[in-house]
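Here are the chains, one letter per residue:
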Amino acid sequence: MAKNDLQGALDLLILKTLSQLGSMHGYGIVMHIRRVSDELLIVEEGSLYPALHRMEQNGWVRASWAITDFGRKAKWYALTRAGREQLTSREKNWTQVVKGVDAILRFA
Amino acid sequence: MGLFRRILSLGRRARMEHEIDAELHAHMAMCIDQNMAEGMSREEAERDARLRFGSPTAMRERVSAEDAALGIESLWLDVRAALRVFVKSPGFSLVVVATLTLGIGANTAIFELLDAVRLRALPVAKPNELAELRIDGGNHGLGVSDSQYANFTVPMWQEVKEHHDPFSGIFAWRTGDVQVGNPNQSRRVNGLEVSGDFFSVLGIVPLQGRLIEPQDETGCQLSRVVASYSYWKSQMGGEPITAHTTILAERRSVQVLGVTPPSFFGIIVGSRFDLAYPTCTPPHPRGEVFSYSVMGRLKPGWTLERASGYLYSLSPGLFAKTAPDGYSSEELKAFKEFRLAAYAAGAGVSYLRDQYNSSLEILLAITGLVLLIACANLANLMLARASVKNREIAIRMALGASRGRILRQSLLESALLATCGALLGAGVAQPLSRILVRSLDTSGNTIQLAIMADWRVLLFAAAAAISTCLIFGTLPALRSTAAEPVASLKTGERGVAGNRERFSVQRAMVITQIAVSMVLLAGALLFVRSYRNLMTINPGIRESGITVGYFGFPSMHIKAENLAAYKRQIEDDVRAIPGIENAAATTIVPFSGASWGHTIEVGSLDGPSRFTYVSPSFFSSWEFRCLRDVTSRRATPMTTHWS
């Protein structure tokens, strides 16, 4: 089981978003998660950016500056190979956590 | 990759912070764009974005904390901040550093002594292979012992020289005096009598010429010597050694074979030899005179236990063969029951070690306690200072500094102080331990110890610094970051948040200080008391105004029939010198460490006794008190079994 579930979940969300969108800036990641989860999950900026920078230090994502669709300059993040491996293992881990929690909840 | 980036980005803090700012700014801008697209006015949009975003500074701190490169950079910033604090309060820093200097210095000084006396190995090849051969439990005062290191008689040495399976090489040595210079202005220097294999077994490489080898063991006339480096430098002018280099020793011209390297001082830690000369085997070696110390180098695969086992099985034959003549059957029985054993000798032998080992350990413990008191004191000082700094810390935390960051800075301040203290302490340790050595010196016996800072001493000083830093730094640091920022700010300028709790900690520390001080005080008083006792103890004989002169009659070549008259003549001559009250001759000077023992039988009772030859005036010159005078009743001279 993951050591810190909340943080693990945030990392998983960011990694998955990047793998779905290919490349995105911080604001786009927040909006994507919000939209896709039907406003159930709102990632706070205060957690997002430290997480992104940590992932960059770990070599899971790489960053570059580019212009957004609306003409603003922003820092875009994309998954690296290590990031994809990380995503696979985290996804597997997450399904197990969910399965485990589910089993506990359903125990009568 | 990560580390590389970190190192590359060192010194680029400003750029990286700028980049983070730009990224966060872009985020805000996009947020505002979105809000405006949803129909808000510009002001509303900006306000909403700022509210959702929170403090930009705190955010930047949190993001940059993730960038490890900045971690190293900010460490440097913290160091600079700490230095600024010290410069701003020089009095405080000076007191702390001075306290630590004294505390760590005193500890290191004692440790240096302990290191020199006990821990450091002899400066020879593979010292851990060296073993000393001794009689298990000592010789119980039987026979005559030349010195406290002497535990082999010449016949014993001759036996063991032939049977030393556990050892690849074996040698005997003893100390002696050598008379150098013209007869009318000669002086005695420290001699070291060594068997032929001494230097080769120890693995000493000559600095000049060659060292003593087995073929040098010829006659008992002193004919060749090896000089120590210090003797060669100071007394022989450091001239190169040739085949014709000679010095005047024992009234003859003696060839100097070579010079030992500077690091080699002999086998005894605490003294230094001047001249080494080969042993000789007298035609009729005496079986009761213990004169040599024997050491060997263990063969690979042999341990001390195995070697002791070998020596144990060798002992019955050896002691049966080397038993001295003229002793009673009980004494011979005791002699034949002696068993040899091997002891580690890699650190040499030392009476300093035997005499002062526990004293040094006690001293180290005492100075350790003093350091502990100093730490408690400093911790209190730091706490007092921390209460002043509370407000500053609260503001920093409110601005987004993490607790770890503040803790780090606080610990860093302590670490810097401790480092300064340790460096200065290591500096003052050397003179301190020299003073200590000098205080152990007696006029007749100078102690030559190499006091130097080797890796062990430096390690010790570093360990002392780290532990003091942890003791006096951690608690104040934890305390200062534990307080709620809001509470600290509310209490105003004085910043006395968590008042009661802090004072209880300080109280505990004061109690600790007083408790430890009491232990030290009691110890010091006891010490003074013992010292006074030692100073005022009455040994029953005269203690002051005694001058001892040693005469080497054998080397004077006086005819045996004239010797007694000659000795009387010397006594009379000395007594005739103005200012001399009395003079006496003896073979063993009281309290000198040498001994000569016999078993005394009185009827069915027997027990060991110590003997010495004395001239008639001995008891009156030493002012021995007579408990009961028996000379008048039984005037028969005492005879001994000893020939």
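Reading the values: the criteria
Residues numbered from 1 in each chain as written. Chains lettered and ligands numbered in written order. Predicted model: local features only at pLDDT ≥ 70, side-chain atom pairs only at ≥ 80, totals over all residues. Heavy atoms only, no water. Helix = DSSP H or I, 4+ residues; strand = E, 2+ residues; numbered from the N terminus. Buried < 20%, exposed > 50% of the residue type's maximum accessible area, 1.4 Å probe, protein only. Contact = heavy atoms within 4.5 Å. Salt bridge = Lys/Arg side-chain N within 4 Å of Asp/Glu carboxyl O. Buried area = accessible area lost by both parts, 1.4 Å probe. Polar contact = N/O pair within 3.5 Å; in protein donor to acceptor, adjacent residues only side chain to side chain. Pairing = 2+ DSSP bridges. Axes fitted to C-alpha atoms, helices over the stretch in contact; angles between N-to-C directions. Parallel < 35°, antiparallel > 145°, perpendicular 65-115°, else oblique. Left-handed = near helix turned anticlockwise from the far one by under 90°. Nonpolar A, V, L, I, M, F, W, Y, C, P; charged D, E, K, R; others polar. Lys, Arg positive; Asp, Glu negative; His and termini not counted. Patch = residues over 30% accessible without salt bridge, like charges linked within 9 Å, V, L, I, M, F, W, Y side chains within 5 Å. Areas by Shrake-Rupley, 256 points an atom, 1.4 Å probe, with all protein chains shown as cover.

Caption draft 1: Broad picture of the overall build of chain A. Scanning chain A from terminus to terminus reveals four helices and three strands. For chain A, the sequential pattern of α-helices and β-strands runs α-β-α-α-β-β-α. Across the 108 residues in chain A, those meeting the buried criterion constitute 43%. Within chain A, contacts between residues separated by at least 24 positions form 48% of all contacts whose residues are at least 6 apart in sequence.

Caption draft 2: Quick look at the pattern of salt bridges. With the rule as written, the count across this model stands at 23 salt bridges over all chains. Glu46(B) is the salt-bridge partner of Arg42(B), the closest N and O atoms lying 3.3 Å from each other. Of the two residues, Arg42(B) and Glu46(B) both sit in helix 3 (residues 42-53), four residues apart, roughly one turn of that helix. Since its relative accessible area comes to 44%, Arg42(B) is described here as partly exposed. The class for Glu46(B) is partly exposed, based on a relative accessible area of 27%. Arg286(B) serves as the salt-bridge partner of Glu288(B), at 3.1 Å between the closest nitrogen and oxygen. Exposure remark for Glu288(B): the relative accessible area of 6% places this residue in the buried category. Arg286(B) gets classed as partly exposed once you look at its relative accessible area, which sits at 45%. A network of salt bridges, in which partner residues are shared, links Glu56(A), Lys75(A), Glu19(B) and Glu23(B).

Caption draft 3: Molecular detail of the interface of chain A and chain B. At the junction of the two partners, chain A supplies 22 residues and chain B supplies 23 residues. Summing both sides of the interface, chain A and chain B together bury roughly 2,100 Å²; the carbon and sulfur share of this comes to 55%. For the chain A face of the interface with chain B, the top three residues by lost area are Tyr27(A), Glu45(A) and Gln57(A), together amounting to 34%. Our count for the contact surface shared by chain A and chain B stands at three salt bridges. Here Lys75(A) ties to Glu19(B) by a salt bridge, and the two come within 3.0 Å at their closest N and O atoms. Taken together, chain A and chain B are joined by six residue pairs in polar contact (both at pLDDT 80 or more). For the side of chain A that touches chain B, the secondary structure elements donating two or more residues are helix 2 (26-36), helix 3 (45-58) and strand 3 (73-79) of chain A. The element that contributes the greatest number of residues to the side of chain A that touches chain B is helix 3 of chain A, accounting for nine residues.

Caption draft 4: Just the sheet that holds strand 1 (residues 23-25) of chain A, in detail. Residue and element names in this part refer to chain A. Here we have three strands laid out as an open sheet, ordered 1-3-2, and antiparallel in their pairing. This sheet does not close on itself; its edge strands, each paired only once, are strand 1 and strand 2 (61-67). Each strand axis lies, on average, 35° off the axis of its neighbour in the sheet, ignoring direction. Bridge analysis of strand 1 against strand 3 gives three bridges, and the strand direction is antiparallel. By the bridge assignment, serine 23 is partnered in strand 3 with alanine 78.

Caption draft 5: Inspection of the environment of Ser234(B) at higher detail. Tracing the backbone through its elements, the reader meets Ser234(B) in helix 9 (residues 229-235). Within the structure, the side chain of Ser234(B) is placed 3.5 Å from the side chain of Gln235(B), a separation counted as a polar contact.

Caption draft 6: Highlighting the packing of helix 3 of chain A against helix 4 (residues 56-66) of chain B. Interhelical geometry of helix 3 of chain A versus helix 4 of chain B gives an angle of 20° and a closest axis separation of 8 Å. One finds that helix 3 of chain A runs roughly parallel with respect to helix 4 of chain B. Two packed elements cross with a definite hand, and for helix 3 of chain A against helix 4 of chain B that hand is right-handed. Counted together, Glu45(A), Gly46(A), Ser47(A), Tyr49(A), Pro50(A), His53(A), Arg54(A) and Gln57(A) of helix 3 of chain A and Met59(B), Arg62(B), Val63(B) and Glu66(B) of helix 4 of chain B form the full contact between these two elements. Looking at the contact of helix 3 of chain A with helix 4 of chain B, its residues break down into four nonpolar, four polar and four charged.

Caption draft 7: The arrangement of the side chain of Arg339(B) in detail. Residues and elements named next belong to chain B. Tracing the backbone through its elements, the reader meets arginine 339 in the loop between helix 11 (329-336) and strand 12 (340-344). The side chain of arginine 339 is buried and forms no salt bridge, while glutamate 337, the nearest opposite charge, is found at 6.8 Å. Among the polar contacts made by the side chain of arginine 339, one reaches the main-chain carbonyl oxygen of lysine 336 at a distance of 3.1 Å. Among residues more than four places away in sequence, those in contact with arginine 339 are Arg134, Ile135, Asp136, Tyr312, Ser315, Pro316 and Phe319.

Caption draft 8: Focus on a nonpolar patch on the surface. Together, Val510(B), Ile514(B), Met518(B), Leu521(B) and Leu525(B) give the surface a local cluster of nonpolar side chains, amounting to about 480 Å² of exposed area. Inspection of the secondary structure puts Val510(B) in helix 16 (residues 499-536).

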